[in-house]
Amino acid sequence: MKKIYLKLTAFLLLSSSLVVIDAHGANKELSIDEVMAIFYQRNLDLIAAQYNIGQSQADAVIASAIPNPTFSFQLSELSGNLNNGASATGCSQSPGVSCGPAEYFSFSQLLEVAGKRGLRIQSSGFATQAAESDFRDALRIFSNMVRHAYYGLLQAQKNRWLAQEITGHYQTIAKANRLRLDSGDIAESDFLRVKMEAVRAESDLDNAQTAVEQAKAHLAMILRWPEQSLTFEAKEQWPEVKDIGQNLGNGQLIAKALQQRPDLQADQLRAAQADKELELAHRLKYPDVTVTAGYARDPSNNALNSGFVGVSVPLPLFYQYKGEADKAAVNFNQSRLVAEQTELGIRTDVASALATWHSTDRIVRRFEDGLLNDAVVVRNSAELAYSRGATSVLDFIEAQRSYKNVMRDYYSALIARTNAYYDLAKAVGVEPANDKTYFSHNNLPN
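Residues numbered from 1 in each chain as written. Predicted model: local features only at pLDDT ≥ 70, side-chain atom pairs only at ≥ 80, totals over all residues. Heavy atoms only, no water.

Caption draft 1: Focus on unusual backbone geometry. Despite not being glycine, Ala114 has its phi angle at roughly 65°, a positive value. The backbone phi angle of Arg224 is positive, close to 55°, even though this residue is not glycine. You can see Arg224 is positioned in the loop between helix 5 (188-223) and strand 4 (232-234). (Helix = DSSP H or I, 4+ residues; strand = E, 2+ residues; numbered from the N terminus.)

Here is the structure:
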């Protein structure tokens, strides 16, 4: 577990050094690694998960503790004459001479039998390991949640860029149409149709800007960073797809997930803990022994100074801890059931995530295999033909709309594939590599 903390701390120190917001209010582009670093620094849920580990470690210390011995002191035979003329060897036997009261000093030590302490230690060890697995599971779930919010913001930014591009195209066409209208080259109805589309494009841009601000606010809320919600943007950064098992069959990938998922490991560890608790409950019927040894100064005895030893054992005649054993058995069965349910959930998660990955990957490949280039070529050809009067305004508007729809669908497909990649990694229980590639709208076909 210490290795996990050291790696996480090193990651935070390295990444946090990169997280700087422009003091003059300009938006700073943040990478996914920088966003993750901010999240780990500020998220209270992860801190709470660490406290659970500390509590389990404290419980382990308590479970391994050996019972402390008990010291007792007793005065007896207190009376007016205080053993005057006592006949015990060592006392002054002269009449009227007090030999003092009887004094008893003793130490008692509880000795646990039947391996109860060892079972408690094993049980607490499983509990600590389960808490550590819970912490890793929290990292797995929360990291994926942050990534989804990050790429949701990136999708909103890409849609805004698309709206800006289309708005710019319509503004350019509108200026050219004004000159063509003045020269009688186009009808006023065609001019108005293009103008109306330009207004719609501006409305789309306003909506896209609103979506960006909402996505920023959502990500800032997850990061617990509301004061900076308007001062950052997501960098156009896409994960380089690594081999996380997406080329394996369902059975092999499920087997891999069952070995690696920390939530299943935590449930299995709690089942092992419950098994130890059940065994401990059965051994409670074996009574522990208390050994007592001491020193006595008793004038009423034949010898003034003497020692004594004793043993005490509770007799389980009326109650033999059947209730504790039954309760532990119920807890053990419930723990096993939870682990089995988690395993079934993992099988479903992996199968669904793998199918989603293959589907989204195929969709993106269809776009990149020619559909993107076709949309750009059709849009540019329609603009050129319309500017020369070789096509109708309806064909021009339809080409613009087709381009917008194709590009928006492409951005959605990219985000869906990215999320599917991280969802698959989450389902399998692996952390994707941090290697990234970059995609920019400047790389689109002309």
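There's plenty left to go through after this.
Caption draft 2: View of the packing of aromatic side chains. Per the counting criterion, the structure on display carries 15 aromatic pairs. Considering the side-chain rings of Phe105 and Tyr295, the 6.0 Å spacing of their centres and the 20° angle between planes classify their relative orientation as stacked. Of this pair, Phe105 sits in strand 3 (residues 102-111) while Tyr295 is found in strand 6 (residues 289-297), placing the two residues 190 residues apart along the sequence. Taking relative accessible area as the criterion, Tyr295 reaches 35% and is therefore assigned partly exposed. Here the aromatic residues Tyr150, Tyr151, Trp238, Trp357, Tyr421 and Tyr422 are joined through ring pairs into a cluster of three or more. We note Lys158 situated over the ring of Trp161; from NZ or CZ to the ring centre the distance is 5.4 Å. A cation over a ring is seen here: Arg379 above Tyr403, with NZ or CZ 3.9 Å from the ring centre. (Phe/Tyr/Trp six-rings, centres within 6.5 Å; stacked < 30°, edge-to-face > 60°. Buried < 20%, exposed > 50% of the residue type's maximum accessible area, 1.4 Å probe, protein only. Lys NZ or Arg CZ within 6 Å of the ring centre and 35° of its normal.)

Caption draft 3: Layout of the sheet that holds strand 2 (residues 70-76). Strand order in the open sheet made by the 4 strands is 2-3-6-7, with antiparallel pairing throughout. At either margin of the open sheet sits one strand with a lone partner, and together these are strand 2 and strand 7 (305-312). Strand-to-strand, the axes of this sheet are offset by a mean angle of 20°, without reference to chain direction. (Pairing = 2+ DSSP bridges. Axes fitted to C-alpha atoms, helices over the stretch in contact; angles between N-to-C directions.)

Caption draft 4: Looking closely at helix 6 (residues 250-260). Those residues of helix 6 that sit buried are Leu253, Ile254, Ala257 and Leu258. The buried residues of helix 6 occupy an angular sector of 140° when the element is viewed end-on, so they sit on one face. Facing away from the buried side of helix 6 by over 90 degrees, the exposed positions are Gly251, Gln252 and Gln259. (Arc of directions from axis to C-beta.)

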